[in-house]
Amino acid sequence: MLQYNTWTIEQQDWNPAEELAIEQQLTFSNDYLCQTAHFEEHYSGDRRLCTYIKGIDTAILNLSAISVRLNDERLDLHEWRVEQFYRCLHKNQPMLERHVTATSPKGHTIKIIARRQLMLDKRECMRLDYEVQSINYAGPITILSILSAGDDAQKWYPLMNYVGDDLCWTWMQLQPVNMQVCSAMNYHLTKNGTLVTQRPIKVEKQDVIGFSLTQKVVPNDTLVLHKNVIVVDSLRYAKEQLIDEAVKCLTNL
């Protein structure tokens, strides 16, 4: 059940049967990017792809996609036992905040705090802070920060991808209309407040690009992924300028 306040909409409990309906109600926008309250991490239950841009009526790339693995277990709130759940849409930011404590089938408990914000001064920008704290788990945690075509991959044709050491971008053609979008992403990871400087593993497939980092943790260790994404489209920029504009916007954040 949602609680409607002047500046927030809050959810205090977890009911996966209502997730699709709640996603529709927790939609937020900065008048260019529009997202629903889907989860950043993998979720095998019913959900919608999240992101739209102004002037296009079909969902675009999953900009906020993240994958979290505890050794051989993938975080999935549809399969894990949710111990605590809180979600809040801050209408004036606009920002979606989520706090989750969940236990895996093997008994490993972690706490997630995710804050996803659409910028008002730079409307092409989305910022995501994604915190993973170990409660009782000791071992490797792998976090993938990616851009993914997701369930709508058949609507997109990748023209060119690039994955560097500190940023990546994907340039795609929307089918069947004559419309193109370029998304660029950078990130950094901290462990207990200290920047992780290890070189990431690059992820580059036809419809998924990004980075993978693994850190060993013990109980009470905290990993925080900071992710910035820029989206530019050919309704507002010349097609031959999309890559340069996306990278320029990203580096000027």
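Scope of this entry: the structure provided in the associated data block. (Residues numbered from 1 in each chain as written. Predicted model: local features only at pLDDT ≥ 70, side-chain atom pairs only at ≥ 80, totals over all residues. Heavy atoms only, no water.)

Structural notes on the pairing of strand 6 (residues 66–70)
Okay, step 1: Most of strand 6 is tucked away: four of the five residues are buried.
Okay, step 2: The sheet contact formed by strand 6 and strand 12 (residues 139–148) spans five bridges and is antiparallel. Note that in strand 12 the partner of Leu-70 across the bridge is Ile-141.
Okay, step 3: In this structure, strand 6 lies alongside strand 7 (residues 73–74), joined through two bridges in antiparallel fashion. Looking at strand 7, one finds that Arg-69 is bridged to Arg-74. (Buried < 20%, exposed > 50% of the residue type's maximum accessible area, 1.4 Å probe, protein only. Helix = DSSP H or I, 4+ residues; strand = E, 2+ residues; numbered from the N terminus. Pairing = 2+ DSSP bridges.)

Details of the layout of surface pockets
Okay, step 1: Estimated volume of the largest pocket: approximately 420 Å³.
Okay, step 2: Lining the largest pocket we find 21 residues, and of these His-42, Ser-67, Arg-74, Ile-146 and Ser-148 sit closest to its centre.
Okay, step 3: Looking at the lining of the largest pocket, the elements with two or more residues in it are strand 6 and strand 12. (1 Å grid on protein atoms, 1.4 Å probe; cavity = no way out; pocket = protein on both sides within 12 Å on 5 of 7 lines; lining within 4 Å. Points joined across faces, edges and corners; volume = space filled by probe spheres on them.)

Comments concerning a nonpolar patch on the surface
Okay, step 1: On the surface, Tyr-157, Leu-159 and Met-160 cluster together to form a nonpolar patch covering roughly 280 Å² of accessible area.
Okay, step 2: The class of Leu-159 is partly exposed, set by a relative accessible area of 34%. (Patch = residues over 30% accessible without salt bridge, like charges linked within 9 Å, V, L, I, M, F, W, Y side chains within 5 Å. Areas by Shrake-Rupley, 256 points an atom, 1.4 Å probe, with all protein chains shown as cover. Salt bridge = Lys/Arg side-chain N within 4 Å of Asp/Glu carboxyl O.)

Topic: the sheet that holds strand 4 (residues 33–35)
Okay, step 1: Taken in spatial order, the three strands make up an open sheet running 3-4-5, and their pairing is antiparallel. Only two strands of the sheet have a single partner each, and these edge strands are strand 3 (28–29) and strand 5 (52–53).
Okay, step 2: As paired strands, strand 4 and strand 5 are joined by two bridges and run antiparallel to one another. Each bridged residue has a counterpart across the sheet, and for Leu-33 the counterpart in strand 5 is Ile-53.

In short, geometric facts, not functional conclusions.
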